[in-house]
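Structural characterization, general
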Amino acid sequence: MVTLAEVAQHAGVSASTVSYVLSGKRSISVTTRLRVEQSIRELGYHPNAGARALASNKSNIIALMIPLRTDMYVPVMMEIAIAVATTARTHGYDVLLLTGEEGPDAVRRVTGSGLADAMILMDVELDDERLPLLRGTDQPSVLIGLPADTSELTCVDLDFKATGALCVEHLAMLGHRDIAVIGEAPAVYERHTGFAERTLDGLRSRAQELGVRLLHRPCEGGYDAMALTLARILDERPGTTGFVVQNESAVEPLLALLRGQGRAVPEDVSVVAICPEQVAVQASVRLTSVAIPAQEMGRHAVDHLVAKLDGRGKDEVVLIAPELTVRSSTGPAPSAAS
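Residues numbered from 1 in each chain as written. Predicted model: local features only at pLDDT ≥ 70, side-chain atom pairs only at ≥ 80, totals over all residues. Heavy atoms only, no water.

**A short note on the sheet that holds strand β12 (residues 324–325)**
Sheets are built from strands that pair by backbone hydrogen bonding, the pairs being arranged parallel or antiparallel. Pairing within the open sheet is mixed, and its six strands lie in the order β7-β6-β8-β9-β10-β12. Single-partner strands in this sheet number two, and they are β7 (213–218) and β12. Note that strand β8 (residues 242–245) and strand β9 (residues 270–275) share four bridges and pair parallel. Bridging from a neighbouring strand, Gly-242 pairs with Ser-270 of β9. Along the sheet face, helix α8 (residues 160–173) touches β6 (178–183), β7, β8, β9, β10 (288–291) and β12 and points at about 165° away from the line of β9. (Pairing = 2+ DSSP bridges. Helix = DSSP H or I, 4+ residues; strand = E, 2+ residues; numbered from the N terminus. Contact = heavy atoms within 4.5 Å. Axes fitted to C-alpha atoms, helices over the stretch in contact; angles between N-to-C directions.)

**Digging into empty space enclosed by the protein**
As enumerated under the stated definition, the model contains two cavities of 30 Å³ or more in all. There is about 310 Å³ of room inside the largest cavity. Together, 22 residues line the largest cavity, and Met-72, Val-76, Met-77, Phe-160 and Phe-195 are the ones closest to its centre. Looking at the lining of the largest cavity, the elements with two or more residues in it are α5 (74–90) and α10 (194–210). A total of three residues in the lining of the largest cavity trace back to one element, the largest contributor, which is α5. Split by residue class, the lining of the largest cavity holds 13 nonpolar, five polar and four charged. Residue assignment places the lining of the largest cavity across two domains, with domain 2 (61–158 + 294–319) and domain 3 (160–292) each supplying three or more. When its volume is computed, the second largest cavity comes out at roughly 50 Å³. Forming the boundary of the second largest cavity are Met-65, Pro-67, Leu-98, Gly-100, Glu-102, Gly-103, Ala-106 and Arg-130. Within the lining of the second largest cavity, the residues separate by chemical class into four nonpolar, two polar and two charged. (1 Å grid on protein atoms, 1.4 Å probe; cavity = no way out; pocket = protein on both sides within 12 Å on 5 of 7 lines; lining within 4 Å. Points joined across faces, edges and corners; volume = space filled by probe spheres on them. Nonpolar A, V, L, I, M, F, W, Y, C, P; charged D, E, K, R; others polar. Domains from an automatic or database assignment.)

**Here's the deal with the sheet that holds strand β3 (residues 118–121)**
Spatial strand order, β2-β1-β3-β4-β5-β11: six strands in an open sheet with parallel pairing. Each of the sheet's edge strands pairs with one partner strand only, and the pair in question is β2 (94–98) and β11 (317–320). On average, each strand axis in the sheet is inclined to that of its neighbour by 20°, with strand direction left out of account. Contacting β1 (61–65), β2, β3 and β4 (141–144), α5 runs over the sheet at an angle of about 155° to β2. Together, β1, β3, β4, β5 (155–158) and β11 form the strand contacts of helix α14 (residues 294–309), whose direction differs from that of β4 by roughly 165°.

**Brief notes about unusual backbone geometry**
The bulk of non-glycine residues show a negative phi, and the bulk of peptide bonds are trans. In this model, Val-265 is joined to Pro-266 through a cis peptide bond whose omega is 15°. The backbone of His-192 shows a phi angle near 55°, a positive value even though the residue is not glycine. Residue His-192 is classed as partly exposed on the basis of its relative accessible area, which comes to 41%. (Buried < 20%, exposed > 50% of the residue type's maximum accessible area, 1.4 Å probe, protein only.)

**Considering the domain arrangement of the protein**
In terms of domains, the protein is made up of domain 1 (4–47), domain 2 (61–158 + 294–319) and domain 3 (160–292). Each of domain 2 and domain 3 has a C-alpha centre, and these two points are 29 Å apart. Listed as interface residues are 16 residues of domain 2 and, on the opposing side, 18 residues of domain 3. Of the roughly 1,400 Å² buried between domain 2 and domain 3, counting both surfaces, carbon and sulfur atoms make up 60%. There are two salt bridges connecting domain 2 and domain 3. Between Asp-71 and Arg-191 there is a salt bridge, and its shortest N-O distance comes to 2.9 Å. Our enumeration of links across domain 2 and domain 3 arrives at seven residue pairs in polar contact (both at pLDDT 80 or more). (Buried area = accessible area lost by both parts, 1.4 Å probe. Salt bridge = Lys/Arg side-chain N within 4 Å of Asp/Glu carboxyl O. Polar contact = N/O pair within 3.5 Å; in protein donor to acceptor, adjacent residues only side chain to side chain.)

**Quick look at the pairing of β11**
Burial along β11 is one-sided: the face carrying Val-318 and Ile-320 is buried and the face carrying Val-317 and Leu-319 is not. Inspection of the sheet shows β5 paired to β11 by four bridges, in the parallel sense. Across the sheet, Cys-155 pairs through a bridge with Val-317, a residue of β11.

**Some remarks on the pattern of salt bridges**
Throughout the structure, instances matching the rule amount to 18 salt bridges. The closest approach of N and O atoms between Glu-209 and Arg-206, which form a salt bridge, is 2.7 Å. Placement of both Glu-209 and Arg-206 in helix α10 is noted, with a separation of three residues, approximately one turn of the helix. Overall, Glu-209 belongs to the exposed group, its relative accessible area being 58%.

**Here's the deal with the pairing of β1**
Burial within β1 is extensive, with four of its five residues counted as buried. Pairing analysis gives five bridges linking β1 to β2, with the strands arranged parallel. Among the inter-strand pairings, Met-65 is bridged to a residue of β2, identified as Leu-98. Note on the crossover from β1 through α5 to β2: the handedness is right-handed. Pairing geometry for β1 and β3, over four bridges, is parallel. (Right-handed = clockwise from strand over helix to strand, strands pointing away.)

**A look at the environment of Ala-307**
Looking at where Ala-307 falls in the secondary structure, it is placed in helix α14. Here Ala-307 falls in the buried class, since its relative accessible area comes to 11%. For the pair Ala-307 and Ala-162, spaced 145 residues apart in the sequence, the C-alpha separation amounts to 27 Å. If sequence neighbours within four positions are ignored, Ala-307 has contacts with Arg-312 and Gly-313.

Structure follows, in structure tokens:
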């Protein structure tokens, strides 16, 4: 491995000058700094992370808290995580992934140990137990998600309330008056997870405004759970002609069950999904959907966090407007078509 002393010798300067160029703690002439930087590139020198952290009081690491729960759709979470990691790297930061369900303890561990310079938190609940700790520390943080109280916080998320409203508007415009929402697993609502609660709020409020009947039923996902959920929906609301699905693992079982019952999509029933683009286009019926902008969410979170680290950022809420893409799974309600 190339050492700092070898860089100094190659550049014709002292080792302390190289150190000052790397840390930025002292002003170095442009000519000298460029010569040192050229030597670093030519020799392929990489500063020791531990020594650099001690010298600068910075780790150049961002902690990403992403609890990997069995009731969440992990591919979306990982797509966000990859976007965070790749964007962080462009800013000169690495990412420390914390996947346990530690809650406030994870925040204490990061703030108390100097493991990372800043934090990004995911899987945000409306009354998240981690938030008082974030508000009580000087360490910069960004939430990917929206709690009930966003004061003194920076949050980035898809506007899930507007997403729910958009799905109802689309089906109502097609003449559907009885709509069923197949939601996430019950535990997601029991935790009052922000994205699920806000979607439901948007669905219900817009349905009421449009005079549409709405029925919401959580679902564990998978064929058996979806079969029970669908049977319950059709027993309680036999006139249901529109479905909104916010549960990736329930999408294909729902389509299979509807086919098995002789209900054609979209001639007899319409289906709108809130899901990643890949899930929508690869389904057995190409789904009208609102995509989850996972990469955009990850990029925005890092950009805002780095701005805070540089002293340029401020607390704010950034909501990404939803976009509905119409495909093969929605059409006029049967009565409207006739």
